[in-house]
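Listed below are the residues making up each chain.
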Amino acid sequence: MEKHTFEIDPWHLSTTDLAPDKQQLRSKLLTSSNGYLTRRAFLATDTTQTTRAVNYANGLLSVDSVDNKPQLLALPDFGTVVLTVNQTQVSLQPDKVSDFKLDFDLKNGVVTQSFTYQDPQAKLSIATQYFLSQVNPHCGAFQTKVTLITGEAEVTLSCELRGNGAFALQDKGQNAAGQLYLQGQTKDQAFSVLLASALASEADFTADLTQDADHIGQRYQGTLTNTAAVTFTRWVAVATGSVDQVAQIQQTASQQVAKISSQAFADLVLAEKAAWGVFWDNADCVIEGDRPAQQGIRYNLAQLFMHRPLVNLNSWSADGASRLNGAGRGTWASGFAAGNAFLGLLTDFKPSKYVLDLYEQLPRAKKRAGQLGLKGAFYPLTQIAGHNLPQGFPLGSESIYTSALVAYRLRNYMNYFSDRAFMQRQGLEILVALARFYASRVDYLPEVKGYTFLAVSGPNQFEINSNNNWFINTMAHWTLDYVLQMTKSLSPAGLAGLQLKDQELSRWALLKDNLQLPTPDAESVLPQSDSYRPKLHHDYSAILPVAGLSKDRYQRLPYVQQAEVLLGLLLLGDDFDKPVLLANYNYYDSLTLHRSQTSESIHAILAAQLDKKVTTTDIFKRQLRFDLDDTDPTQLHLDTMAASWLTLVHGLARIQVTNGQLSLRPFCPRDWQRYSFHFNFQGRLLEITVTAEVTEVQLLRGIPLTIQLDGHGVIIE
C-alpha cells in the first residue's frame, strides 16, 4: 500500500502519526503565506532544534554569507510559544506524547496541532493553531490552549522577538499599549515586528517581561489544578520599508496589530474562512474518481493562493520562501509559468500585476544591456524582488532568450485583456527596447549573407556557449516580427515618442528576414544548435544519466536538462505542422531529464496536442502530488504547482488563446468520472466540466462570448 505523508482527504492535510523524523518535511508542506508574510514552522518546540521557525516578508532582503547573493531576510520568530510543564520544556517525544493530530485545513488556511502530554505529575491536552491572515497581509494570529486532564501542573508560556544576526537591531521594547516591538534594518531597508498577546485562564498567572541585549519577550507562569485550562493568544503585525521610513513603518505595524488584536481568535478564523471561500468559489477544481489527485490539486491551488503576488510578479519565487536558507529567488521560468497560471486562476489578479513588473524592471534591464556594451534591455536570468541576481559567466551574459519571453508575456497579456492603452505606452517602450537589444547582439555571417547569435546559452544548461541556437534565433525572430506588427499603427508622433525612425525599423525587418536557423534533419528533428547537431542520433545507450555524471559528460551527450526545442514549438505551435511537433516530441522526450520544475508541463501540453492522452494524464498526476509525496524537506516547488494548473488547462482541457479567441478540446482521463475547474478570461469567469461523453462550459460572471469547442463555434451566455 502506498504510504503518504498525510492522509488522503479532499480538504485537509492531516495525520495522527507523530513521526519525529518527518518534522522537517511537514514543516515544509505546511508553509503558510499571504503574499506578503511567509512562515515555515513546526508548532511544538523541538529541543533538538531540527525544526526551527523561519519567517519572511516579501521584498525584505539580506545577503547570503555563502554565495554573497541577495536572499529574503529571516525575520525574528514571531509565532513560536515555548511551553514548559513542571519545569520541563515540552517537546514531541514519543514516550511523552499520545493522541497526536496535525491538520492543515484547506478551506481556511488554519494549521492545527494537538496532542496529550504526559508528565510525571500531570497529564495535559495541548492544542496550538495559527494562520497568516489573507484579510490583512501584514498580520498573523497564533493560539495555544493547555488543559489539565489529571494531576497538577506548573505551566510557563513564553514568546519573544529576538535578533538573529541577519540584521542590525535598532530598537526593542514594550510600548504604552503593552505590545512588544522589535525594529531592525539591513543596509537600506527597515522593518518593525509588533506582537500583542493575551492570556485567558481559569487559574492565576503572573506576567513578566523578559529581555536582554538581543531579545524582548513575555512570560506567563501559573499552576493548573482541577482540570483548569489556559489559553495564550498572540497577534503579530509586520511592516517594512526603506530606512528613511522608520517612523511610518512602526506606526503601520502598531495600527495593524492593534486592529487584529481587538478581535477574538474565533472571529478572525471566520473572517479567514470567508476570504478563502471567495477564492474557492472562483478557483476550485473538482476531480471525481481519484482522491489523491483531488487532494493534490486543492493543495497546489491553496499554496498558489497563499503565495499570490499582491503587487506584481516581482515577489514570486520558485520556493515560495519555504527554504530555511537562500529563500525567495526566482528564475525566468518562475514569472513566466506562474504569470500564465495566475492569468486564468485568480479573479483579482489585475492585469497590471502581470506586466507592471516588466516595466518597473526596464531601467535595470537597460543598464544591464549597457554593461555588456549593448543597446536596449536585457532582462535577467534570475532575480529576487525585482533585483538582478549575478550569474557566473557565461550564463549571465549568454542567456539572451529571457528578453523574448518578456515579449511573449506581453503578447499573452494582450490576448487575455486587449489592453491597448498599456501597449501604446509602457508595452511598446518595453518591446522597442527588446528589439534594440537583439539588433545590437546579433552577428553577421558573410558566408551565408545572414545573421545569427553566437556564444549563447538557451534554457537547456547542459549546452552552453553554443552558436546558432534554434530556440534563441526562433524566439528573436518572433520578437522582432511582433514588435514590427505592434509599431505599424503608430503615428509619426508615436514613433517620435519612442525615438523610432524608419531606418531602424527597416533594419529590424532585415534582421528578422535573414536570421539563420538550424535546419531539421531528414526526420524533421530540429537540432538545438550547431553544436548539438553532431549529437543527433548519437548512440548514448552505454552512458545513461546518473546523479554523479559530470556536467562535462552531459555536454558531450544528447541528454538535455529541459527541451528548449519543445518549448519553442509549444510557444509558437501555430507556426509548425503536426508531423514536425510529433518528430521532435518523440526525439527529445526520452532524452529530457526535467531538471526544471516547469519542464514536464511542456511535454504534457505537447503530448495532449498530439493526442498522447495517457502521457499527459500521468504527468499531471505526478505534478499534483510532486510535493505531497516528496521526501525531500528542503523546499516547496511552487513552479511545479503553477505548472500543474497549466497542464490541467492547456493539457487536459487543451485550451488555447489565439488572437484573443478561446478554444478548447477537452478529454477526461479514463479512470476519472469527471473533472471541473474555473477559468478567468477577458473579465469573465467560466466553469468547465468534462466527462468522457460531454463538455459543459458555464458563464458564471461577465458578458457572453463566442468560443471554439471541439472545433465548433459556441456562444456562452
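What counts, and at which threshold
Residues numbered from 1 in each chain as written. Predicted model: local features only at pLDDT ≥ 70, side-chain atom pairs only at ≥ 80, totals over all residues. Heavy atoms only, no water. Helix = DSSP H or I, 4+ residues; strand = E, 2+ residues; numbered from the N terminus. Expected span 1.5 Å × (residues − 1). Buried < 20%, exposed > 50% of the residue type's maximum accessible area, 1.4 Å probe, protein only. Arc of directions from axis to C-beta. Axes fitted to C-alpha atoms, helices over the stretch in contact; angles between N-to-C directions. Left-handed = near helix turned anticlockwise from the far one by under 90°. Contact = heavy atoms within 4.5 Å. Nonpolar A, V, L, I, M, F, W, Y, C, P; charged D, E, K, R; others polar. Pairing = 2+ DSSP bridges. Phe/Tyr/Trp six-rings, centres within 6.5 Å; stacked < 30°, edge-to-face > 60°. Lys NZ or Arg CZ within 6 Å of the ring centre and 35° of its normal. Disulfide = S-S within 2.5 Å. Parallel < 35°, antiparallel > 145°, perpendicular 65-115°, else oblique. Core = buried A, V, L, I, M, F, W, Y, C linked by side-chain atoms within 4.5 Å. Polar contact = N/O pair within 3.5 Å; in protein donor to acceptor, adjacent residues only side chain to side chain.

Chemist: Would you mind going over helix H13 (residues 502-513) with me for this structure?
Modeler: An α-helical segment advances 3.6 residues per turn. Residues three or four places apart therefore align on the same side. Between the first and last C-alpha of H13 there are 16 Å, a value that for 12 residues agrees with the 16 Å anticipated at 1.5 Å per step. Along H13, the positions that sit buried rather than exposed are Leu505, Trp508, Leu511 and Lys512. The buried residues of H13 occupy an angular sector of 120 degrees when projected down its axis, which confines them to one face. In this structure, H13 carries Asp502, Gln503 and Asp513 as exposed residues pointing more than 90 degrees from its buried face.

Chemist: Mind showing me how you'd approach the packing of helix H11 (residues 470-487) against H13 here?
Modeler: Angle between the axes and distance between the axes: these two values describe a pair of packed helices. Close contact between H11 and H13 brings their axes to 9 Å; oriented N to C, the two are set at 145 degrees. Viewed along their axes, H11 and H13 form a crossing whose handedness is left-handed. Only Leu505, Trp508, Ala509, Leu511 and Lys512 of H13 make contact with H11, whose side of the interface consists of His477, Leu480, Asp481, Val483, Leu484 and Thr487. For the contact of H11 with H13, the class distribution of residues is seven nonpolar, two polar and two charged.

Chemist: Before we go on, may I ask you to explain unusual backbone geometry in this structure?
Modeler: Most peptide bonds are trans, and most residues other than glycine sit at a negative phi. Residues other than glycine seldom take positive phi values, yet Asn659 does so here, at roughly 50 degrees. Along the polypeptide, Asn659 turns up in the loop between strand S26 (656-658) and strand S27 (661-664). Although it is not a glycine, Asp710 sits at a positive phi angle of roughly 50 degrees. Topologically, Asp710 is positioned in the loop between strand S31 (705-709) and strand S32 (712-716).

Chemist: Hey, could you run me through the sheet that holds strand S30 (residues 695-701) in this one?
Modeler: Strand order in the open sheet made by the four strands is S20-S28-S29-S30, with antiparallel pairing throughout. Pairing within the sheet leaves two strands with one partner each, and these edge strands are strand S20 (286-288) and S30. Adjacent strand axes in the sheet meet at a mean angle of 20 degrees when their direction is disregarded. Sheet topology places S20 next to strand S28 (residues 674-681); three bridges connect them, and they run antiparallel. Note on S28: the bridge partner recorded for Val286 is Ser676. Across the sheet, helix H3 (residues 265-283) touches S28, strand S29 (684-690) and S30, and the angle it forms with S28 is around 105 degrees.

Chemist: Would you take a moment to explain the packing of aromatic side chains for this structure?
Modeler: To describe a pair of aromatic rings, one takes the distance between the centres and the angle between the planes. Throughout the structure, instances matching the rule amount to 33 aromatic pairs. Measuring from centroid to centroid gives 5.8 Å for Trp672 and Tyr675, while their planes differ by 80 degrees, and the two rings are edge-to-face. Among the aromatic side chains, those forming a connected cluster through ring pairs are Trp11, Trp276, Phe279, Trp280 and Phe305. The lysine or arginine in question, Arg39, covers the ring of Tyr130, its NZ or CZ lying 5.6 Å from the ring centre. Between Arg308 and the ring centre of Phe305, over which it is positioned, the NZ or CZ distance is 4.2 Å.

Chemist: Any chance you could explain the state of the cysteines here in plain terms?
Modeler: As used here, a disulfide is simply a covalent bond connecting the sulfur atoms of two cysteines. Within the structure shown, the criterion is met by zero disulfides. Between Cys159, a free cysteine, and Cys139, which holds the nearest cysteine sulfur, the sulfur-to-sulfur gap is 16 Å. Taking relative accessible area as the criterion, Cys159 reaches 4% and is therefore assigned buried. Not part of a disulfide, Cys668 finds its nearest cysteine sulfur in Cys285, a span of 11 Å.

Chemist: How should I be thinking about the sheet that holds S27 in this particular structure?
Modeler: Sheet strands line up and pair through hydrogen bonds in the backbone, either parallel or antiparallel. Spatial strand order, S26-S27-S31-S32: four strands in an open sheet with mixed pairing. Each end of this open sheet is capped by a strand with a single partner; those strands are S26 and S32. On average, adjacent strands in this sheet sit at an angle of 35 degrees to one another, irrespective of strand direction. Summarising the sheet, S31 and S32 pair through five bridges and their orientation is antiparallel. Bridge assignment links Ile707 to a residue of S32, and that residue is Val714.

Chemist: Just to check I follow, could you spell out the packing of H3 against helix H4 (residues 291-306) for this structure?
Modeler: Contact pair H3 / H4: the axes reach a minimum separation of 11 Å and the direction vectors enclose 120 degrees. Of the possible angle classes, the one that applies to H3 and H4 is oblique. Judged by the sense of rotation from one axis to the other, the crossing of H3 with H4 is right-handed. Listed contacts from H4 to Ala275, Trp276, Phe279, Trp280 and Ala283 of H3 are Arg298, Leu301, Ala302, Phe305 and Met306. Its residues assigned to classes, the contact of H3 with H4 comprises nine nonpolar, no polar and one charged.

Chemist: Help me out: how do you make sense of the nonpolar core in this one?
Modeler: A general feature of soluble globular proteins is that nonpolar side chains tend to end up buried together. The biggest cluster of nonpolar side chains holds 201 residues, and the ones touching the most others in it are Leu124, Leu224, Leu431, Trp508, Tyr675, Phe677 and Phe679. With 12 residues, the single largest contributor to this core is helix H10 (residues 420-441). When residues no more than four places from it in sequence are discounted, the contact partners of Leu124 are Val85, Phe115, Thr116, Tyr117, Val146, Thr147, Leu148, Ile149, Ala153, Val155 and Leu224. Counting 17 residues, the second-largest nonpolar core is a separate cluster that includes Ala141, Leu194, Ala196 and Ile249.

Chemist: Please explain the side chain of His603 as it appears in this structure.
Modeler: Looking at the element boundaries, His603 is found in helix H17 (residues 599-609). Of the polar contacts made by the side chain of His603, one reaches the side chain of Asp589; its length is 3.0 Å. Ignoring any residue separated from it by four or fewer positions in sequence, one finds His603 in contact with Ala563, Leu566, Tyr585, Tyr588, Asp589, Thr592, His594 and Ile619.

Chemist: Even after reading the chapter, I still don't get the pairing of strand S3 (residues 37-40), so can you show me in this structure?
Modeler: Regular strands place their side chains on alternate faces of the sheet. Neither face of S3 is open: one carries Leu37 and Arg39, the other Thr38 and Arg40, and all of them are buried. In this structure, strand S2 (residues 32-33) lies alongside S3, joined through two bridges in antiparallel fashion. Across the sheet, Ser32 pairs through a bridge with Arg39, a residue of S3. The hairpin formed by S2 and S3 contains three residues between the paired strands, and Gly35 there has a positive phi angle of roughly 90 degrees. When S3 meets strand S4 (residues 54-57), the two strands line up antiparallel, connected through four bridges. Looking at the pairing, Thr38 lines up with Tyr56 of S4.

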